[in-house]
Every structure is written in C-alpha cells, then in structure tokens.
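Letter by letter, the chains look like this.
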Amino acid sequence: MNTFNIQNLLRENIKTLKPYSSARDEYKASGSEMVFLDANENPYENGVNRYPDPKQKDVKVALAKVKNCNPENIVLGNGSDEILDLIFRAFCEPKEDNIIILPPTYGMYKVLAEINDINIKEVVLSKTFQPKADEILNTANKNSKILFLCSPNNPTGNSFDIATVEKLLKEFNGIIVIDEAYIDFSGQESWLNRLEEFPNLIIIQTLSKAYGMAGIRLGICYASFTIVEILNRIKPPYNVNLLTQSYALKRIEDQESVNIEIAEIQKNKEQLAEALKEVGFVSEIYPSDANFILVKVDDANLRYNQLIKKGIVIRNRTTQALCENCLRFTVGTNVENQRLLKALNEIES
Ligand SMILES: *Cc1c(COP(=O)(O)O)cnc(C)c1O
C-alpha cells in the first residue's frame, strides 16, 4: 500500500530552503501608479525593460480556464526540461536516490538523472508497450523517488492503460510524473482531471507540440498545492521570460486555431499511416495517439541514411529497447508528408 508522505521524499536542503524574494512579488498587484525603483531596471519603456512576472499569473489563469483546473495547481518553466530538472532537484539526493524509467521512452529523463548524479532503474515496457506494474513495484526501493510515465509515449506513440497507471499511482511510494507532452493528440483523457485523488501525481505538458510553440520554450507542470509550493521555492525567479509569456497568452486564448491545427495533423497522420502500408520495406505501423508514427522497417540504418540523402530527416530509434529497426516519422504538412512518401517509394525501387 502507498504510504506516501511528501515531506519524507524531499531532500534535506530543500525542506529548509528560503527562496529568493523580489520586492516586485509583493507589490506588483497593488497597481500601475506605483513607482518601481527596486530592481535596478532601466526606467525607459521599450516593452521589455521590466522583469517579467515571476509567477506568470496571466498565463496561468488563461491556461487554467482552458484546462479546467485551478491556476494554483500550475508551475511554468523554460520548457518541460526545466520543470523536470526542478523535480529532480527537489526530490532526488545525488548518489543516493534513484528514479525509474520505462524504456523505450523520452531521452531527457535519463540525461537529467545523469546530470544530477541520480541512479537510474529501468523496467522495459511489455511487448505491447505497456508498463509492467508488478515488476516496477518490485524494482522500487526506499530510494526510488520518481517514476516517469510518458503517455502517450515517445517514441512508441501509444497511451498507457488506465488501470495500470491507477495501480501505480496507488502503490508506488514516490512521485509519479506523467508526461503528457502529446495529450492534445490523444483520445484518452488527461490525468489532470484526477489530480486531486493522487497527492504523489505530477503532470507535465508543454506548448512545444500541439500548441506549435517549441521556439518560445514553455513547459507546464500540474500538481498539488504542496508540490507547487516546493517547486516555486526552488525555481529561478524569472524563469519564463516576458516574450514567452506574451506569446503563450495569445496562443492559449486562441484555442480555436490550436484545435484546427490539431485536427489537420490528425487527418494528415491517418493519411500518412494509410500510405505507409503500401511501402514494401515497412513491416509494421504502430498505432499512435501522438503527432508521429513509429514504423518497423527491414533495415532502419539503411533507410535512415537513404532518406537523409534525399533531404529528409527523421528519427532512427533502432538502438532503443523493443524498437529494433524502427523509425519515427513526425507528421508534417501535407506537402512534407508527400515528399516523405515519394522518397520512400523511390528508395524502394
Ligand atoms: C517533446 C517532448 C517534451 C517537450 O519538452 P519541452 O522542453 O517542453 O519542449 C516533453 N516530453 C516528451 C515526452 C516529449 O516528447
């Protein structure tokens, strides 16, 4: 049974940490007639001469409205990568603690663990790319602080079975990070709707994929008030810059445009998957809840290099567990997908 207690998971230095505080935090709300001589900024207005809102209130309020949650359950970061790094630094003691990842999965969990000198335990997914709950729970020990579930999973594209995730949320005695970078392409509901049920749950989303804003770097974390308070304590005060906040706000408030593009990408994905069936050296097309398709081919290295020569860059996943001879195609525009298919057909002959 889960005996989850957040204070027991926290690193000692974080328990007592006092965050950097800026005067602006306290007074910004009281109005624009105030004179700000606290932060050594250049006083001449040019749109970016002031420090950005460290709590990113406007973005959070807009996001909470779209996602139907409380703004106080949100932490924003300079990409999901920063959020993931904050989680490591809050909970994992270097050299002592470990995280559990489920290959084949997103590469950053491992990289960030290595940067932070955290041990890594791997439990490979099942043949159908699902988490093996019992094996994960048996692998966990008292130093297992975080379990990463990427659903829809990168690079396989499938969503994880709900009952399996639920079992892990109930029985794993650490933080569970569900990385929902591709949730907006998925038919499965976000775990955000069940945040209140699980005090050990952290959900990660991003503006980099469905929202079409990889260039501005905005990662989103949803968690309990307790976890949000901890992450706010350790994040750099001005981690999301002013330009990012203003671009993000506009895009989040224009949900209709986002939805039109998502629908277009879905349609293109189905057409691409259909056309890939006709390519002789493709032996398997895995179902995808994301904006990419994983396929098995006869010789991934050969096909990858042939595509590069034709000016098309895809992702070769052949060295990943369960992904021998697999290539990952991001769904592009119709024109781009046609170019991919033309190249694949030329290679074949
Ligand atoms: C692309 C991706 C992200 C996004 O990372 P950002 O730093 O927000 O751009 C996160 N998780 C997974 C699994 C991804 O594939």
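The rules we used
Residues numbered from 1 in each chain as written. Predicted model: local features only at pLDDT ≥ 70, side-chain atom pairs only at ≥ 80, totals over all residues. Heavy atoms only, no water. Helix = DSSP H or I, 4+ residues; strand = E, 2+ residues; numbered from the N terminus. Buried < 20%, exposed > 50% of the residue type's maximum accessible area, 1.4 Å probe, protein only. Contact = heavy atoms within 4.5 Å. Phe/Tyr/Trp six-rings, centres within 6.5 Å; stacked < 30°, edge-to-face > 60°. Lys NZ or Arg CZ within 6 Å of the ring centre and 35° of its normal. UniProt positions renumbered as here; feature names shortened; annotations may be inferred. Arc of directions from axis to C-beta. Polar contact = N/O pair within 3.5 Å; in protein donor to acceptor, adjacent residues only side chain to side chain.

A.B. asks: Help me get a handle on the side chain of Asn116, residues and values and all.
C.D. replies: With respect to the helices and strands, the residue Asn116 is situated in the loop between helix H6 (108–115) and strand S3 (119–122). What makes Asn116 buried here is its relative accessible area of 15%. Once residues within four sequence positions are removed from consideration, Asn116 is found in contact with Asp85, Phe88, Arg89 and Pro94.

A.B. asks: Would you mind going over the packing of aromatic side chains in detail, with residue names and values included?
C.D. replies: Enumeration over the complete set of coordinates arrives at seven aromatic pairs. Here Tyr106 and Tyr109 contribute two aromatic rings whose centre-to-centre distance is 5.4 Å and whose plane-to-plane angle is 80°, an arrangement assigned as edge-to-face. Overall, Tyr106 belongs to the partly exposed group, its relative accessible area being 25%. An aromatic cluster is defined as three or more aromatic residues linked by ring pairs; in this entry it consists of Phe88, Tyr106, Tyr109 and Phe148. Directly above the ring of Tyr247 sits Lys250, whose terminal nitrogen or CZ lies 5.5 Å from the centroid. When the ring centre of Phe292 is taken as reference, the NZ or CZ atom of Arg328 above it lies at 5.5 Å.

A.B. asks: Mind laying out the UniProt feature "modified residue: N6-(pyridoxal phosphate)lysine" (unreviewed entry) in the protein, listing which residues take part and the relevant values?
C.D. replies: Taking the UniProt record as the reference, the feature "modified residue: N6-(pyridoxal phosphate)lysine" (unreviewed entry) is found at Lys209. Within the secondary structure layout, Lys209 lies in the loop between strand S6 (201–206) and strand S7 (219–222). Overall, the relative accessible area of 29% leaves Lys209 in the partly exposed class. Among residues more than four places away in sequence, those in contact with Lys209 are Ala181, Tyr182 and Phe185.

A.B. asks: Give a description of helix H12 (residues 300–309) that names residues and reports values.
C.D. replies: Turning to H12, its buried residues are Ala300, Arg303 and Leu307. Down the axis of H12, the smallest arc covering the buried residues is 70°, so these residues share one side. On the buried face of H12, the contacting elements are strand S9 (292–297), strand S10 (315–316), strand S11 (326–330) and helix H13 (334–348). Where H12 begins, the side chain of Asp299 points an oxygen toward the backbone nitrogen of Asn301, at a separation of 3.3 Å. Following H12 by one or two positions, Gly311 adopts a phi angle in the positive range, close to 85°.

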